[in-house]
Amino acid sequence: MESLRRTPFYDLYSAYAESRCIDFGGWELPVQFTGIVKEHEAVRERAGLFDVSHMGEFMVTGSGSEAFLQLMTTNDVSRLEDGAAQYTLMLYPGGGVVDDLLVYRLGEERYMLVVNASNIDKDFQWLQEHLTPEFSGVSLKNVSDETLLLALQGPLAETILAQVTQVPLPELKPFHFIEQAEVCGVTVLLSRTGYTGEDGFELYAPADTAAALWNGLLEAGAPHGLTPAGLGARDTLRFEAKLPLYGQELSADITPLEAGVQFFVKLDKADFIGRDALLKQKEAGLPRRLVGLEMIDRGIPRSHYPVYADGVKIGEVTTGTQSPTLKRNLGLALLDAAYTETGTEVYVEIRGKQLKAVVIKAPFYKKSQGVKPQ
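Just so it is clear, the model here is predicted, and its values are computed rather than measured.

Reading guide: rules and limits
- For every chain, the first residue of the written sequence is number 1, and numbering continues from 1 along that sequence.
- Only residues with pLDDT of 70 or above have their local features reported here, since the model is predicted, and side-chain atom pairs are shown and tallied only from 80 upward, although totals for entire chains, interfaces and linings are computed over all residues.
- Where side-chain values are given, they derive from all heavy atoms of the structure, hydrogens and water being excluded.
- Note on conventions: DSSP H or I runs of at least 4 residues are helices, E runs of at least 2 residues are strands, and numbering of each starts at the N terminus.
- For the radius of gyration, the atoms used are the C-alpha atoms, and the globule rule reads 2.2 Å times the number of residues raised to 0.38.
- Burial status follows relative accessibility: with a 1.4 Å probe on protein chains alone, a residue under 20% of its type maximum counts as buried, one over 50% as exposed, and anything between as partly exposed.
- The contact criterion used is simple: two residues touch if any of their non-hydrogen atoms lie within 4.5 Å.
- In this description, accessible areas are obtained by the Shrake-Rupley approach with a 1.4 Å probe, and a residue is regarded as covered only by the protein chains that are shown.
- To obtain each axis, a line is fitted to C-alpha atoms, and for helices this fit is confined to the stretch in contact; angles are then taken between N-to-C directions over 0 to 180 degrees.
- Angular relationships are summarised with four words: roughly parallel below 35 degrees, roughly antiparallel beyond 145, roughly perpendicular across 65 to 115, and oblique for the angles in between.
- Each crossing is labelled by how the near helix is turned from the far one, with a counterclockwise turn of less than a right angle marking it left-handed and a clockwise turn marking it right-handed.
- Throughout this entry, Asp, Glu, Lys and Arg are counted as charged residues, while Ala, Val, Leu, Ile, Met, Phe, Trp, Tyr, Cys and Pro are counted as nonpolar. The remaining residues, Gly among them, count as polar.
- UniProt positions are given in the numbering used here, feature names are shortened, and annotations may be inferred rather than shown by experiment.
- Each nonpolar core is a collection of buried residues, namely Ala, Val, Leu, Ile, Met, Phe, Trp, Tyr and Cys, held together in the definition by side-chain atoms within 4.5 Å.
- Salt bridges, as used here, are contacts in which a Lys or Arg side-chain nitrogen is within 4 Å of a carboxyl oxygen on Asp or Glu.
- Between any two strands, pairing holds if DSSP finds at least two bridges.
- Helix span, as expected, comes to 1.5 Å for every residue beyond the first.

This paragraph deals with the overall build of the protein. Scanning the protein for helices and strands turns up 7 helices and 19 strands. Expected size for 374 residues packed as a compact globule is a radius of gyration near 21 Å; at 21 Å, the protein falls within 12% of this value. Projected onto its principal axes, the C-alpha positions of the protein cover 60 × 55 × 45 Å. In the protein, which comprises 374 residues, the proportion classed as buried is 57%. Restricting to contacts in the protein with at least 6 residues of sequence separation, those with at least 24 account for 65%. Element-wise, carbon and sulfur atoms account for 48% of the exposed surface of the protein, whose accessible area totals about 16,200 Å².

Glancing now at the packing of helix H1 (residues 36-45) against helix H6 (residues 231-240). Here H1 crosses H6 at 50°, and the two axes come no closer than 8 Å. Viewed along their axes, H1 and H6 adopt a mutual orientation that is oblique. In terms of crossing hand, the pair formed by H1 and H6 is right-handed. Between H1 and H6, the contacting residues are Ile-36, Glu-39, His-40, Val-43 and Arg-44 on the first element and Gly-232, Ala-233, Thr-236, Leu-237 and Glu-240 on the second. Across the contact of H1 with H6, the residue classes tally to 4 nonpolar, 3 polar and 3 charged.

This part is about the environment of Glu-81. Within the secondary structure layout, Glu-81 lies in the loop between helix H2 (65-72) and strand S5 (84-91). A relative accessible area of 45% places Glu-81 in the partly exposed class. Residues in contact with Glu-81, not counting those within four places in the same chain, are Arg-105 and His-176.

This brings us to the UniProt feature "domain: GCVT N-terminal" (unreviewed entry) in the protein. Per the UniProt record, the feature "domain: GCVT N-terminal" (unreviewed entry) sits at residues 18-269. End-to-end, the C-alpha atoms of residues 18-269 are 50 Å apart, and along that stretch the chain is 22% helix and 32% strand.

Ranked by internal contacts, the top residues of the largest apolar core, which has 45 residues, are Leu-89, Tyr-104, Met-112 and Leu-250. At the level of secondary structure, the elements contributing two or more residues to this core comprise S5, strand S6 (97-107), strand S7 (110-115), strand S9 (147-153), H6, strand S17 (329-336) and strand S19 (353-360). Beyond its immediate chain neighbours, meaning those up to four positions away, Met-112 contacts Glu-57, Phe-58, Met-59, Leu-102, Val-103, Tyr-104, Leu-106, Leu-189 and Tyr-204. Judged by nonpolar contacts, the second largest core, of 35 residues, contains Ala-157, Leu-169, Val-186 and Val-188.

So, on to the pattern of salt bridges. Scanning all chains against the criterion turns up 17 salt bridges. Between Glu-28 and Arg-6 there is a salt bridge, and its shortest N-O distance comes to 2.9 Å. With Glu-28 in strand S2 (residues 27-32) and Arg-6 in the segment before strand S1 (20-24), this residue pair connects regions lying 22 residues apart in the sequence. Glu-28 sits in the buried class, given a relative accessible area of 6%. We classify Arg-6 as partly exposed; its relative accessible area is 40%. Between Arg-328 and Glu-294 there is a salt bridge, with its nearest N and O atoms 2.9 Å apart. A residue pair is termed long-range when its members are at least 10 positions apart, and Arg-328 in the loop between strand S16 (312-322) and S17 and Glu-294 in strand S14 (residues 288-295) qualify at 34 residues. According to the relative accessible area criterion, Arg-328 is partly exposed, its value standing at 32%. A network of salt bridges, in which partner residues are shared, links Arg-44, Glu-198 and Glu-240.

Quick look at the sheet that holds S17 now. If you trace the 6 strands once around the closed barrel, you get S14-S17-S16-S15-S18-S19, paired in antiparallel fashion. Going across the sheet, the axis of each strand differs from the next one's by a mean of 45°, ignoring polarity. As paired strands, S14 and S17 are joined by 7 bridges and run antiparallel to one another. Each residue of the ladder has a partner; that of Leu-290, found in S17, is Leu-334. Contacts from H6 reach S16 and S17 within the one sheet, and its direction differs from that of S16 by about 125°.

Another aspect to go through is the sheet that holds S5. In space, the 5 strands of this open sheet follow the order S5-S6-S7-S4-S8, with antiparallel pairing throughout. The sheet is open, and its two borders are formed by S5 and strand S8 (139-142), each paired with just one other strand. On average, each strand axis in the sheet is tilted by 25° relative to the strand beside it, whichever way the strands run. In this structure, S6 lies alongside S7, joined through 5 bridges in antiparallel fashion. Considered in S7, the bridge of Gly-107 is made with Arg-110. This element, helix H3 (residues 120-129), spans strand S4 (56-61), S5, S6, S7 and S8 of the sheet and lies at about 170° to S8.

Between the first and last C-alpha of helix H5 (residues 210-221) there are 16 Å, a value that for 12 residues agrees with the 16 Å anticipated at 1.5 Å per step. For H5, the full list of buried residues reads Ala-210, Leu-213, Trp-214, Gly-216, Leu-217, Leu-218, Ala-220 and Gly-221.

Next up, the structure:
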């Protein structure tokens, strides 16, 4: 593990006897602190604190920044106002996904992009390659190494955060942020975003403020059951809410239309990379779709398990597990479109046996008062 990268919070993990780190895309990160199911339940019922500092942050500034991002991403950047963020994707010309990301509008011609950790170098190079002379006024800077990122998630996240900040949190809407907010005495970019299907916040700050934020938030949250949470719970939480993971539900070989995130693809805006391919795919009809599966026979579907119907392979599981919230064996699967109607029976190959499953609606979990992001 010596060659793996570590976040600014790494030295704080040792306070938890049951913490366990794994290699995650070249990073030594905690898969759990006290147990995946315990941490998952804490986020659904109370709150959890995630170190997600391995994510990448790029600053895009200067004249022409909006036009550049309109070309590079699928969502409509022109709809953003200062202090707002949007989920979006970058595509290859053929329609496959370079990465999915968040775009924060800090001000006129000033944006922050938040990208997946495993794609930082690839994404930065992709953006640089498209800084053609027409975008000579655009500046691109990778600030990932100097930026930490904490995610405070769960129904009690606002209650906990209110104890360590003067920000009027009830007024901060989902997918909006305050660039200069003080939390635990630290100046952070405070965003009402997350990746768990729950209400919550993400905090971006200088890397050297890690201990003040981590300890301050956990101390404020202790009476409310706040617990540190690792990658394992982060994955099961996002899975139940059908939030895609790059490399599983999204990839260079899977288009956003197939993955079911077409809401974030504005085909009616100005041209963007991959738009023509998506228009053709939409016109021709999607060859496959991402759907939910529930096992009927006893077994747990896992990533890349093949799925069959009528004696032929029709796709594969992208993510699957026993849902900690619902206690059911569930999966997401990318299947031939002919087999994606709700109620269709299919077979998942698990350890050499084809076990019966049924197509069901996803997401599997929605919080009681969900808010649709822009």
